[in-house]
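Residues per chain, in single letters:
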Amino acid sequence: MKLIDAEHTQALLIGVSEYQDPALPPLPAAQTNLQKLQTLLASDSIGMAADNIQTLYNETNPQKVFTALSQATQKAKKTLLIYYAGHGVLDDNNELYLTLSSTTVETVLFSGLSIEMMSRIINKERLDVILIIDACFSEKAFEYFKKTNYYVMASSKKNTPSKYPLETLYSAFTNEIVEALEKGINNRKREITLRDLYRHVRESLLSKDFPEPRQINTNIIQEKVFAQNNYDVLLPLAERNRNLIVPIFQAMQHYRPEQFINVQNDVGLDEINDLSRYFEDDSDEDYHDNLALTQKANHIINHYPLSIAEELKLFFAPSPHQLQQTQWRLQQTLKIYEETLRYLAYLLLAQLWDLQMAEKLTLPTPLQSEWKAHLQQIHNPTPAWLFHTIQKVGLIFKSQNVPFFIPELEKWHDKLVGNQDLAHITQDFLSLYEKPLDQILAEKESDYWAALCGQTEQALSRLLQSLAFLTAYELVSVKNILIVKLKNEKPDFLHFLSKVSSESTNLGQISQLPSLFYTDSHSVLLVKDSKRIEPTFLNLSPFIVDKNAYNTKSIPSIFIYEKQENDQAFLYRSLSNRNEASFALASQAGNAKLLKQFLQFLKSF
C-alpha cells in the first residue's frame, strides 16, 4: 500500500533562509532543502503530482501560511505532508514557534508560526498527517500532535538546536532524508516506510555527531510506505535458507520460549526487522509461509551473539551478486563457523583471566609451559587455534573443578572432546581451511561444489542448534557507573548501559539500571538478563569492546579482536558496522586503556 499517491495527497513545503532580525542568522540551506524535496516528491520514487505540491519560500506573512495550510488540508483526500526548514524559537512560556522572514525574537508571538495554530487548522480525523520539521527545539511540536493519524519527525530534541552547516548544500537533518530518498536504504526492501526513513536518518546523524532526531506517531502511520527504495536491493526467497532457519529456530524454543510461541502462532508478523522481505502480492500462497520464515530468521539474528548474528544476517539476505554463487555461500558458511569459534574461545579466555587474577585457578608447571606456548599464537587466531583454545581452556576448568560461566557450555564441551558428532563436524570444517577455496575450486567439478555447499550448511545448522543456549544470554555495554548514596542508606550504583544485539532498535538506547553492587565500567558484559544485571557476569574485555564506551556517543560501537599486526598493534574489527574501518591498539596509537588490558592479560600467564 502506498502512502503517497498523486491523486489523494497534498504537500506544503515551507522554507526560510533570510531574516530581518539580526538575532536570526541566515540559513542558505533552507532554500536548497526546499528545492530538492520538491523535486523528490514529484519523482518516480514517491510519485506525487507536481500540482499537489505547494512551496512557500521566505514568506513574511503568517496569515498567508495559515491560509495555504488550510487550503491544502481541504484539498487532501488521504494524506497531508508538511515540511518546514528554518529557525525554531521558544517564547517566554517555552512554547515553540516556527519563524518567517519577518519574524523577530521579540515579536515571535504574532510574527511567527504558532505550532498550536497549525495543529488546530489540520485537525482532520480523515487525514494521515506527516509533519517534518527541520528547526531548533522541534521536538516541542510533539505536544500538539497527539491525536489520531499523525506522524511527526523532528530534527532535534526539545532542548537542542539543529545544525545547518554553512559549507554544505543541505542542512544536516534534511541531507540524510535526501540521501535516503535519492539513493535508497540498504534494508533489503523495495520500499521505504516512515519508520525505515527515521531509523536511517537517526543512525546516520548520530554516527556523524549531529543532534539526535526524534519521531512520534499514532495509528501506526510510521509503518506505511513513503517512497520506493532506490537501493540496489535483492529480495531472495526465504525458502532458500529454510533448512538452516527452521531447525535453529526450533532449538531456540527451550531458551527463548516467548519468541517461539509468538512466531509459531503468527503473532507480531507485522513487526519490521532488519531481514524483513517485501512480497508483491499477499494473495500468493507462499506469502504467509515465507513471511513467518523470515520472522524466524529475524529472531535468530536478534538473539544469537552479535559476532555470529551479523554473519548470519548477510547469509540470509545476501547481495545480488552473491546469491547465486555457490562458492560465496560456502565461504560465508565458513565465516559463520569461524566467528562461532572466535566467540566461544573469547568467552572462555575472559573467564580464564578472571579466575587467574582472583587466584582461583593454578596451572600445574607442565601445563603452564604448554599453555604459554599456545597463547603466544594469539597474534593470529586461526580457526584451528580457536578450536584448540576451546578444548584446552575447557580441560583446564575440568581438571580443577571450575564451573563454566555458562553451564550449558560445559556440557557442550564434554561432547566436543568426547569425539561425538560435534567433534566430527568441527574436524570437517577445519579441513576446509587447509587450502584456499579458489584452489579447491580449480581442482574440483561444479557438482562437487554444490554437494560440499549443502553438506557444510547442514553441518553449520547442527552446530548452531547445539549452541542455542547462547541465546539465553545477552551482551550489554556499560558506559559509566554513578554512585547514589542517601543519608543513612546503603548506596545504589546506577549503571548506564546499552543492550548489544543485531536489532537496530536497541542502538543508542541507554538504560539507567540501579543495583546494590557495581560491575566494570567501559566494558562489554555477558549477562543473563539485560534488564537486571546479575551479581555474576562475565566481562569480555579486552576481546570484545565498545569503542564508544569511553566517549559521549550513545550508540555502541562493538569491536572484536582479530589479530596482531606487525608484532605491535592489536587489530580490532567492527561488529556494529561492517563498513567501519578496523582500529588498532598500539603503544603510539589506539586506546591506551584497552591496550593496557590486553598486555595485562598476556602477562598474567
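To continue, consider empty space enclosed by the protein. One pass over the full model with this rule turns up four cavities of 30 Å³ or more. Roughly 110 Å³ of volume is contained in the largest cavity. Lining the largest cavity are 15 residues, with His-303, Tyr-473, Glu-474, Leu-475 and Val-500 sitting closest to its centre. Secondary-structure elements contributing two or more residues to the lining of the largest cavity are helix H9 (287-303), strand S12 (474-484) and strand S13 (492-500). In terms of residue class, the lining of the largest cavity is made up of nine nonpolar, three polar and three charged. Its volume calculated, the second largest cavity comes out at about 80 Å³.

Considering all chains together, one arrives at 19 salt bridges under this definition. Notably, a salt bridge pairs Arg-329 with Glu-457, separated by 3.0 Å at the nearest N-O pair. With Arg-329 in helix H12 (residues 326-357) and Glu-457 in helix H18 (residues 446-466), this pair connects stretches of sequence that are 128 residues apart. Judged on exposure class, the residue Arg-329 and its partner Glu-457 are both buried. A salt bridge links Arg-342 to Glu-338, with the shortest nitrogen-to-oxygen separation between them at 3.0 Å. Here Glu-338 and Arg-342 lie together in helix H12, a separation of four residues that amounts to about one turn. A single burial state applies to Arg-342 and to Glu-338, both of which are buried.

In spatial order, the strands read S2-S1-S3-S7-S8-S10; together these six strands make up an open sheet with mixed pairing. On the outer flanks of this sheet lie strand S2 (53-57) and strand S10 (214-217), each paired with one strand and no other. Across the sheet, the mean angle from the axis of one strand to that of its neighbour is 10°, orientation sign disregarded. Across the sheet, helix H5 (residues 172-183) touches strand S3 (79-85), strand S7 (128-134) and strand S8 (150-154), and the angle it forms with S7 is around 130°. Of the strands in this sheet, S7, S8 and S10 are in contact with helix H6 (residues 194-207), which crosses S8 at around 15°.

So, how was this worked out
- Residues numbered from 1 in each chain as written.
- Predicted model: local features only at pLDDT ≥ 70, side-chain atom pairs only at ≥ 80, totals over all residues.
- Heavy atoms only, no water.
- 1 Å grid on protein atoms, 1.4 Å probe; cavity = no way out; pocket = protein on both sides within 12 Å on 5 of 7 lines; lining within 4 Å.
- Points joined across faces, edges and corners; volume = space filled by probe spheres on them.
- Helix = DSSP H or I, 4+ residues; strand = E, 2+ residues; numbered from the N terminus.
- Nonpolar A, V, L, I, M, F, W, Y, C, P; charged D, E, K, R; others polar.
- Salt bridge = Lys/Arg side-chain N within 4 Å of Asp/Glu carboxyl O.
- Buried < 20%, exposed > 50% of the residue type's maximum accessible area, 1.4 Å probe, protein only.
- Pairing = 2+ DSSP bridges.
- Axes fitted to C-alpha atoms, helices over the stretch in contact; angles between N-to-C directions.
- Contact = heavy atoms within 4.5 Å.

Read these as spatial facts, not as claims about activity.
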